[in-house]
Protein chains: 2
Amino acid sequence: MTSDHDTPARPAGLPPYAIARQGRRARYDAASVHAILDAGLVAHVGFVADGRPMVIPMAYGRDGDTLFIHGATTTRIIRGVAEDVAEDVAKDVQVCLTVTLIDGIVAARSAFHHSVNYRSVVVHGAARHVTDPAEHDHALRVITEHLLPGRWDEVRPMLAKERKATGVLAVRIAAASAKIRTGGPVDDDADYALPVWAGVLPVTTAIGRPIDDGRVAEDTPPPPSLAAARRKFA
Amino acid sequence: MTSDHDTPARPAGLPPYAIARQGRRARYDAASVHAILDAGLVAHVGFVADGRPMVIPMAYGRDGDTLFIHGATTTRIIRGVAEDVAEDVAKDVQVCLTVTLIDGIVAARSAFHHSVNYRSVVVHGAARHVTDPAEHDHALRVITEHLLPGRWDEVRPMLAKERKATGVLAVRIAAASAKIRTGGPVDDDADYALPVWAGVLPVTTAIGRPIDDGRVAEDTPPPPSLAAARRKFA
């Protein structure tokens, strides 16, 4: 897993998925990018705070070319954006949102050719503080249903105080690249003669059977969202 | 999964694991931090490039309070550090290295209390370009054996040209915080009366049975590193 995932950031306003540099294993079409974003559990969101890099894991959801992320209003990224809001004029904050799925450990005949099978997407964009109530609700639905499809309508509706306590950022994808590595090791020709085992250790992520919290009424069946999540992330 | 993981970065030179802010669910002891770092498959490494945040997934390994990461010498982070090297005086580059393990999807009775069970570590430190040959070899061993314990001595030794092609960065941990969420949803008292299923969908990462690449001699048994990896990441 060498990281030639460093597509130069492109300014907002250009078409998403533009090819900045054709890296090894790189893909830039929307379908590849969206498929990986939709299959991820969490995103690693990077931003610059006081000139230093910060990367935090965050729940997220996608709606078209917009990603929504949320956090307690006290967190730095939300606070940083909110503090820049003056008279309803939101100042955007540049973020990098990366989603990675690990599929295998690739054992080669030399240390040099060891690798990791993975699918990853790096998104660059400006994070906008969501203040419109309808968009705020929509974003929270999208984030909730990313992990549990259909969950929003199964639960008690949001309260005003809960909305207020939940900061939401919208990131329109300004540039994105996907990278996918599959298959076995690629060894040097001469090394295939060595008596060294080589191949792949598959890595799988699985959703187990739901465990209720012990306070669910006996006649309450597991809702469709649980099965939907198990299908989605299988 | 709200992200109060935003421990303020601390300048290098202070003791690692210092408590900057006692966040919810936060832990700062070395044992908690090391355990999560050792259990992760990849790290998400953030740095600032041209004033913008960049987050890329990278293989890594830990030796005490030092993390090693590597990549093709053409990647931006390595290039950025290497270009600052003049007459063996390396200029360090600030990075944020985050490792996250997802353990469950937490379904609550309200959208607001939905969460994710996870273990994560955020490390801040300065990335130093490793130029000493012995340290370079040691770092590559540490990175290789993070995923496949014992693998280094099973494979063909590194060649000079391979060493040259592999940039290595050492990040001494200047500050680190761990966050762990476990258990079921924590709902509002009134919501427990609702006829809504609530609980946890476990998320597990598993290492499957090794698949050889079809070019392994028949009398070559799977080496101990494979079993060690399956034990380590079970």
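Keep in mind that this is a model prediction, so the values were computed, not measured. (Residues numbered from 1 in each chain as written. Chains lettered and ligands numbered in written order. Predicted model: local features only at pLDDT ≥ 70, side-chain atom pairs only at ≥ 80, totals over all residues. Heavy atoms only, no water.)

**Observations concerning the overall build of chain A**
Step number 1: Within chain A, the secondary structure is distributed over 5 helices and 10 strands.
Step number 2: Partitioning the intrachain contacts of chain A with sequence separation of at least 6 by distance along the chain shows that 72% fall at a separation of at least 24.
Step number 3: For chain A, the exposed surface amounts to about 9,600 Å²; the carbon and sulfur share of it is 54%. (Helix = DSSP H or I, 4+ residues; strand = E, 2+ residues; numbered from the N terminus. Contact = heavy atoms within 4.5 Å. Areas by Shrake-Rupley, 256 points an atom, 1.4 Å probe, with all protein chains shown as cover.)

**Side note on the packing of aromatic side chains**
Step number 1: Per the stated rule, a full pass over the model turns up 0 aromatic pairs over all chains.
Step number 2: Its end group placed over the ring of Tyr 192 of chain B, Arg 215 of chain A keeps NZ or CZ at 3.5 Å from the ring centre. (Phe/Tyr/Trp six-rings, centres within 6.5 Å; stacked < 30°, edge-to-face > 60°. Lys NZ or Arg CZ within 6 Å of the ring centre and 35° of its normal.)

**Things to note about unusual backbone geometry**
Step number 1: For Asp 50 of chain A, which is not glycine, the phi dihedral falls at a positive 55°.
Step number 2: With respect to the helices and strands, Asp 50 of chain A occurs in the loop between β2 (43-49) and β3 (52-58).

**A look at the pairing of strand β8 (residues 166-181) of chain A**
Residue and element names in this part refer to chain A.
Step number 1: For β8, a buried count of 15 out of 16 residues is recorded, marking the element as mostly surrounded by other parts of the structure.
Step number 2: Relative to β8, strand β7 (residues 115-129) is paired through 12 bridges, and the arrangement is antiparallel. Looking at β8, one finds that Ser 120 is bridged to Lys 179. (Buried < 20%, exposed > 50% of the residue type's maximum accessible area, 1.4 Å probe, protein only. Pairing = 2+ DSSP bridges.)

**Observations regarding the environment of Ala 39 of chain B**
All names here are of chain B.
Step number 1: Within the fold, Ala 39 resides in helix α1 (residues 30-39).
Step number 2: Accessibility expressed as a relative area gives 25% for Ala 39, which makes it partly exposed.
Step number 3: Taking the C-alpha atoms as reference, Ala 39 lies 9.4 Å from Ala 234; in sequence the two are 195 residues apart.
Step number 4: Sequence-distant contacts of Ala 39, that is, excluding residues within four places in its chain, are made with Leu 101 and Phe 233.

**What about the interface of chain A and chain B?**
Note on interface size: it is often stated as the accessible area lost on association of the parts.
Step number 1: Contacts between chain A and chain B engage 97 residues on the former and 97 residues on the latter.
Step number 2: Carbon and sulfur atoms supply 67% of the area that chain A and chain B bury against each other, a total of about 8,000 Å² over both sides.
Step number 3: In this structure, the connection of chain A to chain B is made through 6 salt bridges.
Step number 4: For Asp 188 of chain A, the salt bridge goes to Arg 156 of chain B, with nearest N and O atoms at 3.3 Å.
Step number 5: Between chain A and chain B we count 29 residue pairs in polar contact (both at pLDDT 80 or more) in total.
Step number 6: Residue contributions to the side of chain A that touches chain B peak at 9 residues, all from strand β9 (residues 199-207) of chain A. (Buried area = accessible area lost by both parts, 1.4 Å probe. Salt bridge = Lys/Arg side-chain N within 4 Å of Asp/Glu carboxyl O. Polar contact = N/O pair within 3.5 Å; in protein donor to acceptor, adjacent residues only side chain to side chain.)

**Points about the relation of the copies chain A and chain B**
Step number 1: Laying chain A over chain B is done by rotating through 180° and shifting 0.0 Å along the axis; what remains is an RMSD of 0.0 Å. The symmetry that links the two subunits is that of a two-fold axis. It is Thr 205 of chain A whose C-alpha, among those of chain A, lies nearest the rotation axis, at 2.2 Å.
Step number 2: Same-surface contact between copies: 100% of interface residues of chain A are shared with the interface of chain B. (Least-squares fit on C-alpha atoms with pLDDT ≥ 70 in both.)

**Things to note about the environment of Val 122 of chain A**
All names here are of chain A.
Step number 1: Residue placement: Val 122 occurs in strand β7.
Step number 2: For Val 122, a relative accessible area of 1% puts it in the buried group.
Step number 3: Between the alpha carbons of Val 122 and His 44 there is a distance of 9.5 Å; along the sequence they are 78 residues apart.

**Some remarks on the pattern of salt bridges**
Residue and element names in this part refer to chain B.
Step number 1: All chains considered together, the criterion is met by 24 salt bridges over all chains.
Step number 2: Notably, a salt bridge pairs Asp 153 with Arg 141, separated by 3.3 Å at the nearest N-O pair. Taken together, the residues span a long stretch of sequence, with Asp 153 in the loop between α3 (133-147) and α4 (160-165) and Arg 141 in helix α3 at a distance of 12 residues.
Step number 3: For Asp 153, a relative accessible area of 60% gives the class exposed.

**Topic: the side chain of Thr 144 of chain A**
Step number 1: Inspection of the secondary structure puts Thr 144 of chain A in helix α3 (residues 133-147).
Step number 2: Taking the relative accessible area as the measure of exposure, Thr 144 of chain A reaches 12% and is therefore buried.
Step number 3: When sequence neighbours within four positions are dropped, the list of residues in contact with Thr 144 of chain A reads Arg 151 and Trp 152 of chain A together with Ala 111 and His 114 of chain B.

**Section: the environment of Glu 162 of chain B**
Step number 1: Mapped onto the elements of the fold, Glu 162 of chain B is located in helix α4.
Step number 2: The class of Glu 162 of chain B is buried, set by a relative accessible area of 3%.

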